Amino acid sequence: MPIHFGVKVLGGNRGLKLTRDKYAIVSKKSSLIKFSRDIYDDDEGKLYSDDWCSQHLKQCLENYDLNMEFFSSLSPESFNQEIDSFLSENTEFNEVDDLNRYDGKPGYYIMALDEYCQLYVGTTKDIKKRIRQHWSNSKPFDRLLFPQGNVEGSMLSIDSFRAMDTTRIFAYETEETYNEEDDYINQFSPEYVSNRLGGGKITGGAIQAISMIKNRNLK
């Protein structure tokens, strides 16, 4: 069993690195509220139709390819410069080589995915646990596009990447979580940030969440 940043990691059915063939695993099960469109096999809106699944899979893979093209256009040198600049201005962040030191520790974290010139900024009450959740979780099939149908603007979720895609981690241990998340996100150029939402707690329900959505022009 591989050890990554001091902890054991499992590949599961999606492997330890993101691949196209394991990115969008079809599931008819709905994880969202029922839409008014006739896309279900049942009256309750719990199971999608085969036609919808087929079309959604096609859209997800098209979006995946667009994201990969976008990543390949980015400059690793500029990406590293942005991280170095951030760390020089935010000296409270330290590079992590062993996540066990952050077991049960609250604060902020940055996951860097150097192969894709992407990073993710998060905050949590347990840094080790949250990062391991990113590595082991997967977005439900019907949530791969954010929002649904957004083929040319949806960013890949951090939960779609796998454990070995994370090549560097930086963390800031503090009890004051959430307050600075959006500020940290905005210190990076948008093309390098894979956060699908702006930072901070969502207290205003769906309306607030919609206003926080970040899109990317993949065309």
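These figures come from a predicted structure and were not determined experimentally. (Residues numbered from 1 in each chain as written. Predicted model: local features only at pLDDT ≥ 70, side-chain atom pairs only at ≥ 80, totals over all residues. Heavy atoms only, no water.)

Undergrad: Quick rundown of the pattern of salt bridges? Include the residues and the values.
TA: By the definition in use, this model includes seven salt bridges. The shortest N-O distance in the salt bridge between Asp 65 and Arg 20 comes to 2.9 Å. Of this pair, Asp 65 sits in helix H1 (residues 50-72) while Arg 20 sits in the loop between strand S2 (7-8) and H1, and the two are 45 residues apart along the sequence. We classify Arg 20 as partly exposed; its relative accessible area is 40%. By sharing partners, the salt bridges in this structure join Lys 17, Glu 115 and Asp 165 into a single network. (Salt bridge = Lys/Arg side-chain N within 4 Å of Asp/Glu carboxyl O. Helix = DSSP H or I, 4+ residues; strand = E, 2+ residues; numbered from the N terminus. Buried < 20%, exposed > 50% of the residue type's maximum accessible area, 1.4 Å probe, protein only.)

Undergrad: Requested: an account of the sheet that holds strand S3 (residues 94-95), with residues and values cited.
TA: Strand order in the open sheet made by the four strands is S3-S6-S4-S5, with antiparallel pairing throughout. Every other strand in the sheet has two partners, leaving S3 and strand S5 (118-124) as the edge strands with one partner each. Note: strand S4 (residues 107-113) against strand S6 (residues 168-173), six bridges, orientation antiparallel. The partner of Met 111 across the bridge, within S6, is Ile 169. The strands touched by helix H3 (residues 127-136) within the sheet are S4, S5 and S6, with S4 carrying the most contacts at an inclination of about 35°. (Pairing = 2+ DSSP bridges. Contact = heavy atoms within 4.5 Å. Axes fitted to C-alpha atoms, helices over the stretch in contact; angles between N-to-C directions.)

Undergrad: Outline the packing of aromatic side chains, supporting the account with residue identities and numerical values.
TA: We describe a pair of aromatic rings using the distance from one ring centre to the other and the angle between the two ring planes. Within the structure shown, the criterion is met by 18 aromatic pairs. Measuring from centroid to centroid gives 5.4 Å for Tyr 40 and Tyr 48, while their planes differ by 20°, and the two rings are stacked. Relative to Tyr 192, the ring of Phe 79 has its centre 5.5 Å away and its plane inclined at 55°; by these criteria the two rings are tilted. Of the two residues, Phe 79 is situated in helix H2 (residues 76-89) and Tyr 192 in the loop between helix H4 (181-186) and helix H5 (205-211); the sequence distance between them amounts to 113 residues. (Phe/Tyr/Trp six-rings, centres within 6.5 Å; stacked < 30°, edge-to-face > 60°.)

Undergrad: Please give an account of unusual backbone geometry that cites residues and values.
TA: Where the residue is not glycine, phi is negative for most of them; where a peptide bond is considered, it is trans in most cases. The step from Phe 146 to Pro 147 runs through a cis peptide bond, and the omega angle for that step is -10°. Mapping Pro 147 onto the fold places it in the loop between H3 and S6. Although it is not a glycine, Phe 5 adopts a positive phi angle of roughly 50°. Tracing the sequence through the fold places Phe 5 in the loop between strand S1 (3-4) and S2. Among the residues examined, Phe 5 registers a relative accessible area of 13% and is labelled buried. One non-glycine residue, Tyr 178, lies in the positive phi region at around 75°.

Undergrad: I'd love a proper account of the pairing of S4, names of residues and values included.
TA: Burial analysis of S4 places seven of its seven residues in the buried class, which makes it a mostly covered element. With seven bridges connecting them, S4 and S5 associate as antiparallel partners. The residue of S5 that forms the bridge with Tyr 108 is Thr 123. Between the end of S4 and the start of S5, which pair antiparallel, lie four residues, with Cys 117 showing a positive phi angle near 55°.

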